[in-house]
Amino acid sequence: MSSFNANTVLIVAAVLFVLGLVGVLTRKNVVFMLISVEVMLNAAGLAFVAAGSKWQQPDGQVMFLFILAMAAAEVSVGLALVLQIHHQHKTMDVEDLKELKD
Amino acid sequence: MVITRYRPIHALLYLVVSFLAVAMIFLSLGAPFVAVLEIIIYAGAIIVLFIFVVMMLNLGKDTALQEKEWLQPKVWLVPSLLSLVLLVEMVVLLLKGSEFSMQVPVVDPRKVSLSLYGQYIIAVELAGFLLMAGIVGAAHIGKHTKRNLHRFLQEGEPEK
Amino acid sequence: MLAYIPALPFLGFLVLSLAGKYLSKNSIAWIGAGTVSTAAIMVILSGIQFLQNPPVDGVYKQLLWQWFAAGNLSVAISLRVDALSLVFVFIITFVGALIHIYSTAFMRRDHDYARFFACMNLFVCAMLLLVMADNLVLLYLGWEGVGLCSYLLIGFWYETPANCNAANKAFLVTRMGDTAMLIGLFLLFRELGTLDIPVILEQSPRHFTQGASNITLIALLLLAGGMGKSAQLPLQTWLPDAMAGPSPVSALIHAATMVTAGVYLIARMHGLFQLSPIAMSVTAAIGALTLFVAGCSAMVQTDIKRILAYSTISQLGYMFLALGVGAWSAAIFHFFTHAFFKALLFLAAGAVIEALHHEHNIFVMGGLKNKMPVVFYTFLAGAAALSALPFISAGFYSKDQVLWYAWSAGNGNALLWTLALAGAFITALYSTRLMLVVFWGEMKTPIKDYPAKSMTIPLIVLAVLSVGAGFIEWPHNLVHLSLFSDFVEKVLPATVLKENLPPEAIFQLMAVLATGLGIYIGYVLYYRNKAIIAQWKRSAGMMATRNFLFRGWGFDQLYDTVLVKPFMFITRINKSDVFDQLYNGIAQASLRFNRLLSVSQNGSLRWYIVGVLIGILFIITLQLFL
């Protein structure tokens, strides 16, 4: 690999992040929203690792490890919630889950 | 691709592809440990979880039809606009920074592990807490309570 | 020792107002009349002592306590009685005592007996404080106190709304005068830095230049206060309506004492007025106009008390006229005699009203001459004094003095004298009319009750005084006896006469002629040839004039149009209060804003994420551009 600009990777991360964000905003199905969130998390991790490798520190990778652990926990809990939602409300539409409104 | 599919399974498969690509990027950035980690955990465990749930909830044909209805082009307009603005801003911010070319050093996994158990030991412990909480929470939330109704009073679908 | 004089009625007020419900009517009568009578006796005793061994510089002083001190102003409750105050204190307590005794019988059947005497006692206390005050703040306290008691007593029978309206009217109109006076006090304090009366009188000639605008303004403001209380033009509209109160109230407050508070104020502050010729001229002009206007109105009234009310306004006009031309002692002398005969007239009118069972219209009365002889003769004495019957009535001596000085004193002129003379003619006319219609002729309403002894004895005493009180002060060209003015001129300046005056006898003769003419014409119109009046009733012009005079020259209607109607209009359009709307508007706006914002709290996840996104965009934009 030849030398390349650190900023480029960060731009890639930004693009990925924005794509995930668009997915979250657009989709109404809960599962798809979670998937899009995963994309966003991935992008964030990419940004961390890129930054770590720019400074030749292991810290970026360590951060990524933590992000990974957090993502795993979050996915498991989130999917459990999705199961419950499906069981109780019989719908996968996030627009129907409005009971916390003012 | 992930975000635009109708069927969840397709989206997940594309998600796997995305993870693999990012892993490759990690590799090219000189972080082999993390690349492998990504593939194992992210693409391995988490996607599997997703697939489990999708299968369990039987999100197949009906979901596809629903999504077809919901995903009209006009739905994409406002989010895309806002996100575009965000992207542009982030890019501008990034480009303002100094140009910096770098060599590709390889950061040893050894160094990573030393750092992990050296400086970040507490964070590791905390991550352990987090995972524990995740397990317990997921187990509790996902539990179905059995409702014992008399045969004659049963309404709706029998539970699983 | 001085303090006991106002303190006794105040004590009576306290006892009667707090414990009046539990006392018997007899004890209420004894307490109510007794306090004022005791005060009267004390005043007579101290007066005798004052005359026999006058104290140093002619003043009894008593400092009670320090009321308050604020900045440069230090006000004490301090009483001071000199010759002028002594005259007033004597009248207030003595006539007041007689009226209280009268009211023990007059108000006997009323169930609010205690409240009546409590208010009357409070009034006497406040009026005494007013005339015995050593500084203007205490005087103002008394001023306000008498205003309050006047309100309470006019609206004594508060169950009738008309009485409450009359009380409100009295209070509001005098309030305007009071506010002007207060502003005058403020200005005075700003100029001189003190509100002590002797200090003011001493320092004002040095501090103010003659005729300067500041002293004129102060004097005019004080005059306005006096005008309000003493019902002069244009603030005279409250007094005829104040007759809604019981007759003793009318006698005490609105004939003998409260309405003379204005006269007292101007006489006391004579130093200030002498420094401002404009204010003196204004006083005289107002007095002259008032006496004429009120006299004309009195000629056509049908309610016996309203005739007497307009008559009071007219006689007060005489006092103001005298003050305005610089005849200080003449004004006080007229006050002195007027208190006697006016109180007498009101009390006698009250007796007549009570005897005929609350009948007020004189044209429904008649023929009481032989049936109620005591009342008739006392009323005759009072009416004679009012018309200034020569030599045998006290009113003659005082009014004659006023008329003479209206021409001859430093500030007097022919126009004032002419008006005063016309006023004397009119006074004689309406007094005769009153006497003839009420007491002669056939009896149109039968007598229900005869007045009690405690009502007739004060009448007799006052009648004797109405005849005899004038003898202490004779006109200069007849007899050299001027006890009264000698006494009062220890405090008030002597009257300065103009140069080259025609002999006084001419004016006296003309005054006597005016009185005689008035009596004669009254006799002709109302006794000899009643057809003349019937003829006038048929003529439209005369009836229009009569109605105009009846309505008091239309002042009530004028004030209604100019002041009341715009005010009511404003209150009507401001029904939903403008300032309230401001506060309501703020509340409404925030409610609406809340509802607007609540739309975003709709529980939809994607809305929230959009919100977060917008927030991030906002912050990053700020970051970029700042």
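Residues numbered from 1 in each chain as written. Chains lettered and ligands numbered in written order. Predicted model: local features only at pLDDT ≥ 70, side-chain atom pairs only at ≥ 80, totals over all residues. Heavy atoms only, no water.

Draft legend 1. Seen up close, the side chain of Glu38 of chain A. With respect to the helices, strands and loops of the structure, Glu38 of chain A is situated in helix H2 (residues 30-54). Looking at Glu38 of chain A, the relative accessible area reads 0%, which means it is buried. When sequence neighbours within four positions are dropped, the list of residues in contact with Glu38 of chain A reads Ala71, Glu74 and Val75 of chain A together with Leu15, Phe19, Tyr42, Ile46 and Phe50 of chain B. (Helix = DSSP H or I, 4+ residues; strand = E, 2+ residues; numbered from the N terminus. Buried < 20%, exposed > 50% of the residue type's maximum accessible area, 1.4 Å probe, protein only. Contact = heavy atoms within 4.5 Å.)

Draft legend 2. The interface of chain A and chain B, seen in detail. The partner chain B presents 76 residues to the 70 residues of chain A that form the contact. In total, about 6500 Å² of surface goes out of reach between chain A and chain B, with carbon and sulfur atoms giving 78% of it. Between chain A and chain B we count zero salt bridges in total. For the pair chain A and chain B, the interface holds three residue pairs in polar contact (both at pLDDT 80 or more). Of all the secondary structure elements, the ones that give two or more residues to the side of chain A that touches chain B are strand E1 (4-5), helix H1 (6-26), H2 and helix H3 (59-89) of chain A. Broken down by element, the side of chain A that touches chain B gets its largest block of residues, 24 residues, from H3 of chain A. Class assignment for the residues of the side of chain A that touches chain B results in 45 nonpolar, 18 polar and seven charged. (Buried area = accessible area lost by both parts, 1.4 Å probe. Salt bridge = Lys/Arg side-chain N within 4 Å of Asp/Glu carboxyl O. Polar contact = N/O pair within 3.5 Å; in protein donor to acceptor, adjacent residues only side chain to side chain. Nonpolar A, V, L, I, M, F, W, Y, C, P; charged D, E, K, R; others polar.)

Draft legend 3. Structural context of the state of the cysteines. This model, assessed by the stated rule, comprises zero disulfides over all chains. For Cys125 of chain C, which is in no disulfide, the shortest distance to another cysteine sulfur is to Cys149 of chain C and amounts to 8.4 Å. (Disulfide = S-S within 2.5 Å.)

Draft legend 4. Expanded view of the interface of chain B and chain C. Contacts between the two partners involve nine residues from chain B and, on the opposite side, nine residues from chain C. Summed over both sides, the interface of chain B with chain C buries roughly 780 Å², with 81% coming from carbon and sulfur. A per-residue breakdown of the area chain B buries against chain C is headed by Leu82, Leu86 and Glu89 of chain B, which together make up 62% of the total. There are zero salt bridges connecting chain B and chain C. Seen at the junction of chain B and chain C, the total is zero residue pairs in polar contact (both at pLDDT 80 or more). Class assignment for the residues of the side of chain B that touches chain C results in six nonpolar, one polar and two charged.

Draft legend 5. Region of the structure containing the layout of surface pockets. Residue and element names in this part refer to chain C. Counted as a void, the largest pocket has a volume near 780 Å³. Taken together, 26 residues line the largest pocket, and the ones lying closest to its centre are Met299, Phe363, Arg433, Tyr526 and Ile533. Mapped by element, the contributors of at least two residues to the lining of the largest pocket are helix H18 (414-439), helix H21 (504-528), helix H22 (531-538) and helix H23 (540-550). Of the residues forming the lining of the largest pocket, the biggest block, five residues, is contributed by H23. A class-by-class count of the residues in the lining of the largest pocket yields 16 nonpolar, four polar and six charged. (1 Å grid on protein atoms, 1.4 Å probe; cavity = no way out; pocket = protein on both sides within 12 Å on 5 of 7 lines; lining within 4 Å. Points joined across faces, edges and corners; volume = space filled by probe spheres on them.)

Draft legend 6. Just the nonpolar core, in detail. By size, the foremost hydrophobic cluster in this structure holds 212 residues, and its most contacted members are Leu139, Phe273 and Ile332 of chain C. If one sorts the elements of this core by residue count, helix H15 (residues 328-355) of chain C sits on top with 21 residues. If sequence neighbours within four positions are ignored, Ile332 of chain C has contacts with Leu84, Val87, Phe88, Val263, Ala267, Phe484, Val488 and Leu492 of chain C. The next biggest cluster of nonpolar side chains, apart from the first, holds 63 residues, and it includes Val18, Val30 and Leu41 of chain A together with Leu87 of chain B. (Core = buried A, V, L, I, M, F, W, Y, C linked by side-chain atoms within 4.5 Å.)

Draft legend 7. Fine view of the pattern of salt bridges. Residue and element names in this part refer to chain C. A full pass over the atoms with the stated rule returns 10 salt bridges over all chains. A salt bridge links Asp134 to Arg80; the shortest N-O distance between them is 3.2 Å. Placement of Asp134 in the loop between helix H4 (113-132) and helix H5 (136-154) and of Arg80 in strand E2 (residues 73-81) is noted, with a sequence separation of 54 residues between them. A single burial state applies to Asp134 and to Arg80, both of which are buried. Between Arg115 and Asp112 there is a salt bridge; the shortest N-O distance is 2.7 Å. Arg115 gets classed as partly exposed once you look at its relative accessible area, which sits at 26%.

Draft legend 8. Region of interest: the packing of aromatic side chains. All names here are of chain C. Applying the stated criterion across every chain, the model contains 20 aromatic pairs over all chains. On the basis of an interplanar angle of 85° and a centroid distance of 5.5 Å, the ring pair of Phe116 and Phe117 is categorised as edge-to-face. Each member of the pair, Phe116 as well as Phe117, carries the same accessibility label: buried. Aromatic pair Phe396 and Tyr397: ring centres 5.3 Å apart, planes at 70°, arrangement edge-to-face. Residue Phe396 shares its accessibility class with Tyr397, and that shared class is buried. Among the aromatic residues, those joined into a ring-pair cluster are Tyr113, Phe116, Phe117, Phe156 and Trp157. (Phe/Tyr/Trp six-rings, centres within 6.5 Å; stacked < 30°, edge-to-face > 60°.)

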